[in-house]
Structures are given as C-alpha cells and as structure tokens.
Amino acid sequence: MSTLMNVDTAHQPHKWKVATVSLAGCFGCHTSFLDIDERLLTLIEHVEFDRSPLTDIKEVGKCDIGLIEGGVCNAENVAVLRAFRANCKTLVAMGACAINGGLPAERNRFDLVDVLNEVYHDRPGLSEGSAIPNDPELPPLLRQVRPIHAVVHVDYFLPGCPPSADAFWSFLNDLMAGRTPHLTHALMHYD
Ligand code: SF4
C-alpha cells in the first residue's frame, strides 16, 4: 500500500475541497477514515476540509468531493444530503448505511409508530407520562430508512461497515490522481 498520495500538483493549482457528513450513521466511517493515521499529514497537504464533523463549518460550500456517511432517516438528513449534492462535484456514499441503509434500515421491518411507542411509551422503566417527543425543532422521521441514492445521484460507492482506512486511502488516491477508483479484492468488503 502506497503511503504517498500520487497527485500531480502541477495540474492541481488549489487544494481539493472535501466535505463530509454523518446522516443516519454511527460516525464509524469517519473514525475509520481517521485511521489512515499519519497519512492524514500527507492528505492535508492536498485537501482543505469544508463542512465536516472535523471542522466548525455549519453549511456545505462548493466542494470537489462530498463523503456521505449514513442513510437518510429524517427530514433533516434529506435536506443536508440535497445541499451536499448541489455543492459537491463528486458525491461518495461511504459505508453500508449510505449504500443500502445499513443496520439502521432494520427498522423498516416495523411500523414507525410502533417503534416510537415501544421506545418512548411502552417500555418498562420509563418515567410516568413519558411520551413520543414532538418538539417542532426535532426533524420528522421518515417512515423508512433509505440509502442516499434513493434521494440524490451518487457518483461512487465505497463499501464496508466501515470501509477500512486502507480502502479510504486507495479510493482517495485514485480519485485525486484522476483515476476511476478501483478497490483491490482485499480492500473490498461489506462488513
Ligand atoms: S457503515 Fe457501519 S461504520 Fe459506517 S456509519 Fe454505518 S454502521 Fe457506522
């Protein structure tokens, strides 16, 4: 595995702008991304992060790459995802949740109201008067958890739960060198 990003800086007059977000995700994909460890120092020579859990930027701006973790489970996820699609030249579904809904989509087998009642109303041990939260500030849940390609066009899918750090590295090296990303068999997994 190469430890140097093979980017032709002569043809890259600016740093790549990269935005990342976790929608209905667990932040495990972001954690795995950070597992590239000291290679982050190389990456940061070529990349400037826009909106991301790694920055304090609240709204996504014009970017070269958008990395999306998690599927969509509520209205806010949909709005954020659409903003990423509108602003990112290349949009990547990173991880099983973004690709097919992942484990959170297991709730699709149940009626949403039943799930909410089970968690907030019916469970033993809840305090007296416990009810399903209904503050208007809370984003309404979608009836089903959906993969991001059900909402917007996706350019690339990076599989794994999470994708490994080496898979992230290989994928970004390819993308930033102008190659179509290609994961070797060893880096391609869905678990
Ligand atoms: S794909 Fe796995 S690691 Fe990534 S957000 Fe989903 S559950 Fe977490």
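Read on for a plain summary of the structure. (Residues numbered from 1 in each chain as written. Predicted model: local features only at pLDDT ≥ 70, side-chain atom pairs only at ≥ 80, totals over all residues. Heavy atoms only, no water.)

### Some details on the pattern of salt bridges
Here is step 1: Scanning all chains against the criterion turns up 7 salt bridges.
Here is step 2: A salt bridge links Arg39 to Asp166; the shortest N-O distance between them is 3.0 Å. Residue Arg39 is found in helix α2 (residues 39–46), and its partner Asp166 is found in helix α6 (residues 165–176); the two are separated by 127 residues along the sequence.
Here is step 3: Classification of Arg39 as buried rests on a relative accessible area of 11%.
Here is step 4: Residue Asp155 is joined to Arg85 by a salt bridge in which the shortest nitrogen-to-oxygen separation is 3.1 Å. A residue pair is termed long-range when its members are at least 10 positions apart, and Asp155 in the loop between β6 (141–146) and β7 (156–158) and Arg85 in helix α3 (residues 75–87) qualify at 70 residues.
Here is step 5: Residue Asp155 is classed as partly exposed on the basis of its relative accessible area of 29%. (Salt bridge = Lys/Arg side-chain N within 4 Å of Asp/Glu carboxyl O. Helix = DSSP H or I, 4+ residues; strand = E, 2+ residues; numbered from the N terminus. Buried < 20%, exposed > 50% of the residue type's maximum accessible area, 1.4 Å probe, protein only.)

### Thoughts on unusual backbone geometry
Here is step 1: Omega for the peptide link from Cys161 to Pro162 comes to 0°, which places this bond in the cis form.
Here is step 2: If you trace the backbone, Pro162 turns up in the loop between β7 and α6.
Here is step 3: Notably, Phe27 is not glycine yet its phi reads approximately 70°, a positive angle.
Here is step 4: Here Phe27 is to be found in the loop between β1 (16–22) and α1 (28–34).
Here is step 5: On the basis of relative accessible area, Phe27 is assigned to the partly exposed category, the value being 42%.
Here is step 6: Even without a glycine there, the phi angle at Asp37 is positive, about 55°.
Here is step 7: Checked against the element boundaries, Asp37 lands in the loop between α1 and α2.

### Some points on the environment of Asp166
Here is step 1: Take Asp166: its relative accessible area is 30%, and that puts it in the partly exposed class.
Here is step 2: A sequence separation of 128 residues divides Asp166 from Glu38, and the C-alpha atoms of the two residues are 12 Å apart.
Here is step 3: Polar side-chain contacts of Asp166 include one of 3.0 Å to the side chain of Arg39. (Polar contact = N/O pair within 3.5 Å; in protein donor to acceptor, adjacent residues only side chain to side chain.)

### Some details on the packing of aromatic side chains
Here is step 1: One pass over the structure, following the stated rule, counts 3 aromatic pairs.
Here is step 2: Between Phe33 and Phe168, the aromatic rings sit 5.3 Å apart at their centres with planes inclined by 50°, giving tilted as the arrangement. On the criterion of sequence distance, the pair formed by Phe33 in helix α1 and Phe168 in helix α6 is long-range, its members being 135 residues apart.
Here is step 3: With relative accessibility at 1%, the residue Phe168 sits in the buried group.
Here is step 4: With 5.8 Å between their ring centres and 80° between their planes, Tyr156 and Phe171 make a pair best called edge-to-face. Within this pair, whereas Tyr156 is found in strand β7, its partner Phe171 is found in helix α6, the two being separated by 15 residues in sequence.
Here is step 5: Site record: aromatic cluster; members linked through ring pairs are Phe33, Phe49 and Phe168. (Phe/Tyr/Trp six-rings, centres within 6.5 Å; stacked < 30°, edge-to-face > 60°.)

### Quick notes on a nonpolar patch on the surface
Here is step 1: Among the surface-exposed residues, Val119, Tyr120 and Ile132 lie close enough to one another that they form a single nonpolar patch of about 210 Å² accessible area.
Here is step 2: Mapping Tyr120 onto the fold places it in helix α5 (residues 112–122). (Patch = residues over 30% accessible without salt bridge, like charges linked within 9 Å, V, L, I, M, F, W, Y side chains within 5 Å. Areas by Shrake-Rupley, 256 points an atom, 1.4 Å probe, with all protein chains shown as cover.)

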